[in-house]
Amino acid sequence: MTIRILPPDVAARIAAGEVVERPASVVKELIENALDAGASAIAVEVAGGGKRLIEVGDNGSGIRADEAELAFHRYATSKLTRVEDLDGIRTLGFRGEALASIAAVSRLTLVTRAADERGGTRLRLEGGEIVSREVVGAPQGTLVTIENLFFNVPARLKFLKKDATERKQVAALVSRYAMAYPGVRFSLVQAGREALSTAGSGSLQDVLSEVYGVDTAAQMIPIESSSPPRDDLPAIEVWGLVSLPELSRNNRSQIALFVNGRWIQDASLTYAVVRAYHTLLMQGRFPLAVVMVDLPPEEVDVNVHPTKAEVRFRRPDAVFSAVQRAVRRTLVDQAPARGVSEGVFWGQPDWAARRDRLSQVTQERLGQAALDLSLDRPGQVRQQQPPPGADVGAPAPQPRRSLPMLRVVGQVGATYIVAEGPQGLYLIDQHAAHERVLYEQFMAERAEQAIHSQELLEPLAVELLPEQMALLEESLGVLHAAGFVVEPFGRNTVQLRALPVIAAGGDPAEALLAALGEIECGE
């Protein structure tokens, strides 16, 4: 096989495959360009899950007419001039690949006008080739319209998810950048319906009220400022908002991390946030958090992957420690303390007598039930023994693990039931025990194909995240099969009319959010 240089159109499509993975990747690159251009308002519209139409407009500085065509050349950028600039990147974009990659796999229209120009410029490109250019009237800023994404890459188009899934990805992305830049007005329209609109007031709390809902945002507390920097460590500032321990979700998807204004995905920093909640959240529950990390640009390498979603720190241990300490200090200092129920103080003189009495009562009740059982060790009973000389036959099934008779003496933190038994102290995780009871009941009903729903006296309005709304619309059949009856009610609000009977005793909204969380995890 001979070695030859790839044609430019083939090389462009290969490069586009690294930068443009799905519609959300296009939205990300265009939003970052708008922010780098100093935009104070960014409007995003998506149709057909982004496969048919993506439109991103801003009121930034715009592109000069004599540079409009140059912007679509690979490695053309206004962010870098020297190789040394890579060590101190302060902009979101810098690689000069985004516009060229997007144009290579779509039909693209650019309308832009710089502040000092009287007329705007409109360019039309198809598959990366310019097909028309004209002067038009346009406001200052840039409007990029992407149509028929991946029209010339059918393999990539075939592997895109359903429209609802792609809308969910776009909504999550726009929401995160709205959090990172609360001073910028963001709006998102999907399938002709407004999914998000922020005021650009500069308050992160206002953005969270719009994204999560007022009730959820009220349970978020601001992260305290980091401790004074040490001489041997870089200056690291951590700020943002985290949820109180009472507010949690069953997956990590609501932990948003930003480094110098850039949304990133970092398993280590996510674990630092989760670790800060150690002993405050039960296993399998995760907080809501918006964590901003600001540090000198030379301390972080953002040139790791073309998507710029991953970064590397020069001192990862210092960043991990700063995030964990800041979140933990916030929770310890600001989270209200939980009350502790009064109970028996262990070690009192009459404890031995109570223990003997409990053991006697347990044996008496077992005798009254005509069961020849004796306690083997705490939490377990022996198998009933047949009479001497009896035909044993096939071995009887082993009895399920049981507990001796217990007496409840108190409760700790509305979490553990404290009980005393013949062998000593028992701590029962009441949440886990209740979950197990409901699980067994639910599985029994499902085996009989008879899951029962409980209608609510009045429909309950539940506010969702934009991405949760897209997930719900995609999963209505699954929710209905599980016993939920929901219907859209407003922009990111649904009406919950019924829920499974086994969950009727708890918070209906939490039950629905938990179900959506399980669906999101693929369970």
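Preceding block: the structure.
Here's a quick rundown of the structure. (Residues numbered from 1 in each chain as written. Predicted model: local features only at pLDDT ≥ 70, side-chain atom pairs only at ≥ 80, totals over all residues. Heavy atoms only, no water.)

1. Concerning the overall build of the chain
To keep it simple, the criterion reads: Think of it this way: any DSSP run of H or I at least four residues long counts as a helix, any run of E at least two long counts as a strand, and we number them from the N terminus. Think of it in three bands: with a 1.4 Å probe and only protein chains considered, a residue is buried below 20% of the maximum accessible area for its type, exposed above 50%, and partly exposed in between. Working rule for contacts: check all heavy atoms of both residues, and any pair within 4.5 Å makes them a contact. Note on areas: Shrake-Rupley with a 1.4 Å probe; residue coverage comes only from the protein chains shown.
A tally of regular secondary structure across the chain gives 14 helices and 23 strands. By the burial criterion, 43% of the 523 residues in the chain qualify as buried. Contacts in the chain between residues at least 24 apart in sequence constitute 66% of all its contacts with a sequence separation of at least 6. Here the chain displays about 27600 Å² of accessible surface, and carbon together with sulfur accounts for 52% of that area.

2. A closer look at the sheet that holds strand β12 (residues 262–264)
Quick reminder of the rule: A pair of strands is labelled paired if DSSP reports no fewer than 2 bridges between them. To define axes, lines are fitted to C-alpha atoms, for helices over the stretch in contact only, and angles between the resulting N-to-C directions are given on a 0 to 180 degree scale.
With mixed pairing, five strands are arranged side by side in an open sheet as β9-β10-β13-β11-β12. Where the open sheet ends on each side, the last strands, each with one partner, are β9 (220–222) and β12. Each neighbouring strand pair of the sheet contributes to a mean axis angle of 20°, computed without reference to strand direction. One ladder, built from three bridges, connects β9 with strand β10 (residues 237–243); its direction is antiparallel. Considered in β10, the bridge of I221 is made with V242. Its contacts with the sheet put helix α6 (residues 204–212) on β9, β10 and β13 (289–294), and the angle it makes with β10 is roughly 35°.

3. Some remarks on the sheet that holds strand β23 (residues 493–500)
Spatially, the three strands line up as an open sheet ordered β21-β23-β22, and their pairing is antiparallel. The two strands at the open ends of the sheet, each matched to only one other strand, are β21 (453–463) and β22 (485–488). This sheet shows a mean twist of 15° between the axes of neighbouring strands, independent of strand direction. Where β22 and β23 come together, four bridges link them in antiparallel fashion. Residue pairing across strands places E487 opposite Q495, the latter belonging to β23.

4. Observations concerning the packing of helix α8 (residues 267–276) against helix α9 (residues 316–334)
Heads up, the condition is: Reported orientations rely on four angle classes, namely roughly parallel under 35 degrees, roughly antiparallel over 145, roughly perpendicular from 65 to 115, and oblique for the rest. The crossing is said to be left-handed when, going from far helix to near helix, the turn is anticlockwise and less than a right angle, and right-handed when the turn is clockwise. Under this grouping Gly is polar, as are all residues other than the nonpolar Ala, Val, Leu, Ile, Met, Phe, Trp, Tyr, Cys and Pro and the charged Asp, Glu, Lys and Arg.
Their axes nearest at 8 Å, the elements α8 and α9 cross at an angle of 25°. The orientation of α8 relative to α9 falls into the category roughly parallel. Our pair here, α8 against α9, has a crossing hand that is right-handed. Counted together, S268, L269, Y271, A272, V273, R275 and A276 of α8 and V319, F320, V323, Q324, V327, R328 and L331 of α9 form the full contact between these two elements. A breakdown of the residues in the contact of α8 with α9 according to their chemical character gives ten nonpolar, two polar and two charged.

5. With respect to helix α11 (residues 430–447)
Heads up, the condition is: What a helix is expected to span follows from its residue count: subtract one and scale by 1.5 Å. N or O atoms closer than or at 3.5 Å make up a polar contact, with two conditions inside protein: a donor-capable atom paired with an acceptor-capable one, and, for residues adjacent in sequence, both atoms drawn from side chains.
Under the 1.5 Å per step criterion, the end-to-end length of α11 is 26 Å for 18 residues, consistent within 8% with the ideal 26 Å. Backbone nitrogen of H431 and a side-chain oxygen of the N-cap are separated by 3.1 Å at the start of α11; the cap is D429.

6. So, the pattern of salt bridges
Keep this limit in mind: What makes a salt bridge here is a side-chain nitrogen of Lys or Arg within 4 Å of a carboxyl oxygen of Asp or Glu, nothing more.
Summed over all chains, the structure comprises 18 salt bridges. Two residues, E194 and R491, come together in a salt bridge whose shortest N-O distance is 3.0 Å. Highlighted residues: E194 in strand β8 (residues 193–197) and R491 in the loop between β22 and β23, separated in sequence by 297 residues. Exposure remark for R491: the relative accessible area of 26% places this residue in the partly exposed category. For R497, the salt bridge identified is with E487, shortest N-O distance 3.1 Å. Here E487 lies in strand β22 and R497 lies in strand β23, a separation of ten residues in the sequence. By relative accessible area, which is 35% here, R497 ends up partly exposed.

7. Points about the packing of helix α2 (residues 23–36) against helix α5 (residues 163–180)
Where α2 contacts α5, the axes come no closer than 9 Å and their chain directions differ by 20°. As the angle between them shows, α2 and α5 are arranged roughly parallel. Crossing of α2 against α5: the hand is right-handed. Residues P23, A24, V27, K28, I31, E32 and L35 of α2 lie in contact with α5, whose contacting residues are E166, Q169, V170, L173, V174 and Y177. Grouping the constituent residues of the contact of α2 with α5 by class yields nine nonpolar, one polar and three charged.

8. Some words on the side chain of T121
Positionally, T121 belongs in strand β4 (residues 120–126). Once residues within four sequence positions are removed from consideration, T121 is found in contact with A65, A68, L110, V111, T112, R133, E134 and V136.

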